[in-house]
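# Chain and residue survey
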Amino acid sequence: MSLFDKDCGCDKRDDRRRDDKCDGCVCDELRKLRSGETVDLIIDGEEFADLIFACFDKKSCCVTFLDDDYPFIVDCRKVDAIRVLS
């Protein structure tokens, strides 16, 4: 499969998506993370590095990370890019 294929695998829906409103490729990737994984985020052009994933709330689309043991909460629909480091 090529990145240039028509749907590149992104058009497939699974049962987890039917009952939540958190749409978009970044939300999909954040939904797959396991607690403790380290990520970098870009939000409105600003980079937030070495955040530790805590949880994803599919009802509110809020994603909670730890930043130096302090909660960092963001709406997954506001994240421009994600880099999974671990």
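All figures in this text were calculated on a predicted structure; none of them were measured in a lab.

The secondary structure content of the protein chain amounts to 2 helices and 5 strands. When its helices and strands are written in sequence order, the protein chain yields α-α-β-β-β-β-β. Across the 86 residues of the protein chain, 30% fall into the buried class. Sequence separation of 24 or more characterises 47% of the internal contacts of the protein chain that already satisfy a separation of 6 or more. Carbon and sulfur atoms form 50% of the exposed surface of the protein chain, whose accessible area is close to 6100 Å².

Let us look at the nonpolar core. If you look at the biggest cluster of nonpolar residues, it comprises 18 residues, and the most contacted ones within it are Leu30, Leu41, Val63, Phe65, Val74 and Cys76. Among the elements of the structure, helix H2 (25-32), strand E1 (38-43), strand E2 (46-57), strand E3 (62-67) and strand E4 (70-75) are those that each provide at least two residues to this core. In contact with Leu41, not counting residues within four places along its chain, are Glu46, Glu47, Phe48, Leu51, Phe65, Phe72, Val74, Val79, Ala81 and Ile82.

Attention now moves to the sheet that holds E4. Each strand in a sheet pairs with another by means of backbone hydrogen bonds, the pair being arranged parallel or else antiparallel. Strand order in the open sheet made by the 5 strands is E4-E3-E2-E1-E5, with antiparallel pairing throughout. The open sheet has two edge strands with one neighbour each: E4 and strand E5 (81-84). For this sheet, the mean inter-axis angle between neighbouring strands, taken without regard to orientation, is 40°. Note that E1 and E2 share 5 bridges and pair antiparallel. Within the sheet, the bridge partner assigned to Thr38 lies in E2 and is Ile52.

Rules used throughout
- Residues numbered from 1 in each chain as written.
- Predicted model: local features only at pLDDT ≥ 70, side-chain atom pairs only at ≥ 80, totals over all residues.
- Heavy atoms only, no water.
- Helix = DSSP H or I, 4+ residues; strand = E, 2+ residues; numbered from the N terminus.
- Buried < 20%, exposed > 50% of the residue type's maximum accessible area, 1.4 Å probe, protein only.
- Contact = heavy atoms within 4.5 Å.
- Areas by Shrake-Rupley, 256 points an atom, 1.4 Å probe, with all protein chains shown as cover.
- Core = buried A, V, L, I, M, F, W, Y, C linked by side-chain atoms within 4.5 Å.
- Pairing = 2+ DSSP bridges.
- Axes fitted to C-alpha atoms, helices over the stretch in contact; angles between N-to-C directions.

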